[in-house]
Amino acid sequence: MTGTAVEESSSRAWPYLAGVERSTLRELLIHGPLPRAEIARRLSVSRASLTRATRLLMEHAFIAEREIALRAAMGRPSEMLAVREDQHHFLGVKLTGDAVFAVVTDLRARIVASVEEELRSRAVHDTVGQIADIHARFARDYADIHAVGVCLAGDLATVDGRQVVIESYFLGWKDVPLTDMLGRRLGIPVFADNDVRGLTAAEHWYGAGAGCDSLAVVTVGAGIGFGLVIDGKVVAGHGGRAGQLGHLPIDPTGPPCGRGHTGCASVYLPSERIAQAAGAEDYAAAVSAARAGDAQARAAFDAAARALGVIIGTVANALDPEKIVLTGDGLAVMEISPDRVMDAIAGVRLPEDEPVRLVVEPVEFTEWARGGAVVAIRRMLQF
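Procedures and definitions
- Residues numbered from 1 in each chain as written.
- Predicted model: local features only at pLDDT ≥ 70, side-chain atom pairs only at ≥ 80, totals over all residues.
- Heavy atoms only, no water.
- Pairing = 2+ DSSP bridges.
- Helix = DSSP H or I, 4+ residues; strand = E, 2+ residues; numbered from the N terminus.
- Axes fitted to C-alpha atoms, helices over the stretch in contact; angles between N-to-C directions.
- Disulfide = S-S within 2.5 Å.
- Buried < 20%, exposed > 50% of the residue type's maximum accessible area, 1.4 Å probe, protein only.
- Core = buried A, V, L, I, M, F, W, Y, C linked by side-chain atoms within 4.5 Å.
- Contact = heavy atoms within 4.5 Å.
- Parallel < 35°, antiparallel > 145°, perpendicular 65-115°, else oblique.
- Left-handed = near helix turned anticlockwise from the far one by under 90°.
- Nonpolar A, V, L, I, M, F, W, Y, C, P; charged D, E, K, R; others polar.
- Salt bridge = Lys/Arg side-chain N within 4 Å of Asp/Glu carboxyl O.
- Lys, Arg positive; Asp, Glu negative; His and termini not counted.
- Phe/Tyr/Trp six-rings, centres within 6.5 Å; stacked < 30°, edge-to-face > 60°.
- Lys NZ or Arg CZ within 6 Å of the ring centre and 35° of its normal.

Visitor: Talk me through the sheet that holds strand β8 (residues 155–159); I want residue IDs and the actual numbers.
Guide: In spatial order, the strands read β8-β9-β10; together these 3 strands make up an open sheet with antiparallel pairing. Bordering the open sheet on either side are β8 and β10 (173–176), each of which pairs with just one other strand. When strand polarity is set aside, the average angle formed by the axes of neighbouring strands in this sheet is 20°. Two strands pair when backbone bridges link them, and strand β9 (residues 162–168) and β10 are joined in this way by 3 bridges, in the antiparallel orientation. Residue Ser168 lies in a different strand from β10, and its bridge partner there is Trp173.

Next comes the structure, spelled out in structure tokens:
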């Protein structure tokens, strides 16, 4: 199916949703099947208003009636509403410096198809063409792909009404109007965001942070990432650069980071820095050496653990989120030096503070791509 045909199919299937309709759908997306009365209570709307909203949502195949549940108190039947999982699909893309990870999800961000490809090149036009080809292949089986969400490591902002990749270090991009270029190629809405914010959006609605009004996500791996939800909204910051914790001071007598600081978190915590400090060929070798008891490797992970603990404790102090989710491909630090992490958290917290609600959650690259799909879902629903 061509991009134009997909656009026509999608535009017919995606109506304008008013506030009650969007809020109703959001409750069902986050919390799963709910009785009508419970939705009305949560939204503080009348039963008549909810009936009108659900009627439109059903007409456009967003939701459906499900099994009848018994109300706990009275034992009377209560009709359940649930999101339909057989309609409305989205394409999520995660770009690294050398690969493309793409998934198709349903409206509840459940992955129904995925692909991983080596990046043809880092040239913008080549990347746009590769994503367009992936979309075309998926569209043969999922003709109702409404929108695309692309996530990448870098700074993104809206400039003169256009979303622009200000800079992406791993891709070597600067001032790239990616969404405009890809949107013209595909003929459907395209959204882009920082990959950590995309992952944060997914955790907020569909993961460990579901139902939380405030949430922090810290990622460790090739770099240090930070995502934040306040009052139910993912924070991007004035210039689209919120979440810069990589240069948080850890040890003023430490080594230089190369960006004008000494002893900041970026000296100790990224995977490449751990490998260097461990005297290992790469991060995997550093992990193996530390597990085997190598003193230099253990010391490298201890230093990384201290940096991670300071970051987590600082986030808890400054923002007081309901939960902090720790994820990424550098989680071996929590396995090798967990006590150092917890000691560092305690070192920046007050003795009377409640324990940090920390959730450690491994993540695959397909989950980062799923974050792109969630960005598209939330933007299509105007959240």
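Visitor: Let's hear about the state of the cysteines: which residues, and what values?
Guide: A disulfide bridge is the covalent bond that connects two cysteines by way of their sulfur atoms. In this structure the tally under the stated criterion is 0 disulfides. Here Cys257 stays free of any disulfide, with the sulfur of Cys264 as its closest cysteine sulfur at 3.8 Å. We classify Cys257 as buried; its relative accessible area is 9%.

Visitor: Before we move on, can you summarise the nonpolar core with the specific residues and values?
Guide: Counting residues in each nonpolar core, the largest one holds 43 residues, and the members touching the most others are Leu269, Phe301, Leu308 and Ile311. Considering each element in turn, this core owes the most residues, 12 residues, to helix α11 (residues 295–319). Those residues in contact with Phe301 that sit more than four places away from it in its chain are Ile274, Tyr283, Ala286, Val287, Ala290, Ala332, Val333, Ile336 and Ser337. Membership of the second largest hydrophobic core comes to 32 residues, among which are Leu29, Ala201, Trp205 and Tyr206.

Visitor: Can you lay out the packing of helix α5 (residues 124–139) against helix α6 (residues 178–186) for me, pointing to particular residues and giving the numbers?
Guide: The N-to-C vectors of α5 and α6 enclose an angle of 40°; their axes lie 10 Å apart at closest approach. Here α5 is positioned oblique relative to α6, judged by the angle of their axes. When the axes of α5 and α6 are compared, the crossing they make is right-handed. Between α5 and α6, the contacting residues are Val124, His125, Val128, Gly129, Ile131, Ala132 and His135 on the first element and Leu178, Met181, Leu182, Arg185 and Leu186 on the second. Of the residues in the contact of α5 with α6, the class split is 8 nonpolar, 3 polar and 1 charged.

Visitor: Give a detailed account of the pattern of salt bridges, specifying residues and quantitative values.
Guide: Where charged atoms from two side chains of opposite charge come close, those side chains can pair. Scanning all chains against the criterion turns up 17 salt bridges. Glu38 is paired through a salt bridge with Arg42; the nearest N and O atoms lie 2.8 Å apart. Placement of the pair is Glu38 and Arg42 together in helix α3 (residues 36–43), with a separation of 4 residues, close to one helical turn.

Visitor: Report on the sheet that holds strand β4 (residues 89–95), specifying residues and quantitative values.
Guide: Taking strand neighbours across the sheet as the criterion, the 5 strands line up as β6-β5-β4-β7-β11 in an open arrangement whose pairing is mixed. Sheet topology places β6 (111–118) and β11 (190–194) at the edges, where each strand pairs with a single neighbour. Strand after strand, the sheet turns through a mean of 20° between neighbouring axes, direction not considered. Note: β4 against strand β7 (residues 145–152), 6 bridges, orientation parallel. Opposite Val93, over in β7, you have Val150 as the bridge partner. Where helix α7 (residues 195–206) meets the sheet, its contacts fall on β4, β7 and β11, and the angle it forms with β11 comes to roughly 105°. Packed onto the sheet, helix α14 (residues 365–380) meets β4, β5 (99–105), β6, β7 and β11 and runs at close to 130° relative to β4.

Visitor: I'd like a rundown of the side chain of Glu203, residues and numbers included.
Guide: Inspection of the secondary structure assignment puts Glu203 in helix α7. Nearest to the buried, unbridged Glu203 among oppositely charged side chains is Arg370, at 6.1 Å. In this structure, Glu203 is in contact with Ala208, Gly209, Ala210, Leu215, Val217, Val325 and Glu361, ignoring residues within four places of it in sequence.

Visitor: Any chance you could break down the packing of aromatic side chains for me, citing the residues and the numbers?
Guide: The final tally for this structure, using the stated rule, is 5 aromatic pairs. With centroids separated by 5.4 Å and ring planes inclined at 75°, the aromatic side chains of Tyr169 and Phe170 adopt a geometry described as edge-to-face. Given the relative accessible area of 37%, Phe170 is considered partly exposed. Where Tyr283 meets Phe301, the ring centres are 6.0 Å apart and the plane angle is 50°; that geometry is what we call tilted. Residue Tyr283 is located in helix α10 (residues 283–291), and its partner Phe301 is located in helix α11; the two are separated by 18 residues in the primary sequence. For the residue pair Tyr283 and Phe301, the accessibility class agrees, reading buried in each case. What links up through ring pairs into an aromatic cluster is the set Trp205, Tyr206 and Phe383. Stacked on the ring of Phe383, the Lys or Arg Arg26 has its end atom at 5.7 Å from the ring centre.

Everything listed here is a matter of geometry and, on its own, says nothing about what the molecule does.
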